[in-house]
Amino acid sequence: MEKEKLVEMARDINKRAYVPYSHFPVGAAILHPDGKVTKGVNVENVSFGATNCAERTAFFTAITNGYKKGDFKAIAIAGDTEDFLPPCSICRQVMAELCSPEMPVYLTNENHEIKELTLRELLPYAFTDLDM
Ligand code: THU
């Protein structure tokens, strides 16, 4: 699948975000090796710390649906933002657990431009191992 299509899927799904507090919708779309896509949105809570980001919603849904560590070819993240919207650091850590450091992460902005980074670029020196 072309990255443009994955990015547009992330943009389309952000309309379903539950964001009564921030009014900041985010959508994520993960491409799997079988060509299927798992999507997620941010789901907020009046107890703010209970909020779940779009990226983690997508990863946790994928795991629930049977995908395993390594079954993640790329992720696209889209808000309605002027600048490229990067994943928060908790979501980067979840990606470090489940994805290759070489996995492409596609960011986008309101002009539909795409910035492509690897997970390694987003999270160098990741904590991934207890056997240190
Ligand atoms: N948010 C995401 O869903 N993903 C990100 O990468 C950044 C932040 C959400 C959390 C919260 O619902 C809103 O955006 C504002 O922080």
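In this text the structure is predicted, and so the values were computed from the model without any measurement. (Residues numbered from 1 in each chain as written. Predicted model: local features only at pLDDT ≥ 70, side-chain atom pairs only at ≥ 80, totals over all residues. Heavy atoms only, no water.)

Concerning the pairing of strand β1 (residues 26-31)
Short version of the rule: Working definition: with a 1.4 Å probe on protein chains only, accessible area under 20% of the residue-type maximum means buried, over 50% means exposed, and in between means partly exposed. Labels follow the DSSP assignment, with helices taken as runs of H or I lasting at least four residues and strands as runs of E lasting at least two, numbered in each case from the N terminus. Pairing between two strands is assigned when DSSP locates at least 2 bridges connecting them.
Buried residues dominate β1, accounting for six of its six residues. Along β1, one buried face is formed by V26, A28 and I30 and the opposite face, lined by G27, A29 and L31, is buried too. Sheet analysis places β1 next to strand β3 (residues 74-79), joined by six bridges and oriented antiparallel. Bridging from a neighbouring strand, A29 pairs with A76 of β3. Relative to strand β2 (residues 37-41), β1 is paired through five bridges, and the arrangement is antiparallel. Bridging from a neighbouring strand, G27 pairs with V41 of β2. Hairpin geometry of β1 and β2 is characterised by an intervening segment of five residues between the two adjacent antiparallel strands and by a positive phi of about 90° at G35.

Comments concerning a negative patch on the surface
Just so we agree on the cut-off: For patch detection, residues must exceed 30% relative accessible area and be free of salt bridges, and they are connected within 9 Å for like charges or within 5 Å for nonpolar side chains (Val, Leu, Ile, Met, Phe, Trp, Tyr). Only the protein chains shown count as cover for residues, with accessible areas throughout obtained via the Shrake-Rupley method and a probe of 1.4 Å. Counted as salt bridges are all cases of a side-chain nitrogen of Lys or Arg within 4 Å of a carboxyl oxygen of Asp or Glu. The charge count includes Lys and Arg as positive and Asp and Glu as negative, but it does not include His or the ends of the chains. Charged groups are reduced to one reference atom each: NZ for lysine, CZ for arginine, CG for aspartic acid, CD for glutamic acid.
On the surface, D80, E82, D83 and E110 cluster together into a patch of negative charge. Mapped onto the secondary structure, E82 falls in the loop between β3 and α3 (89-98).

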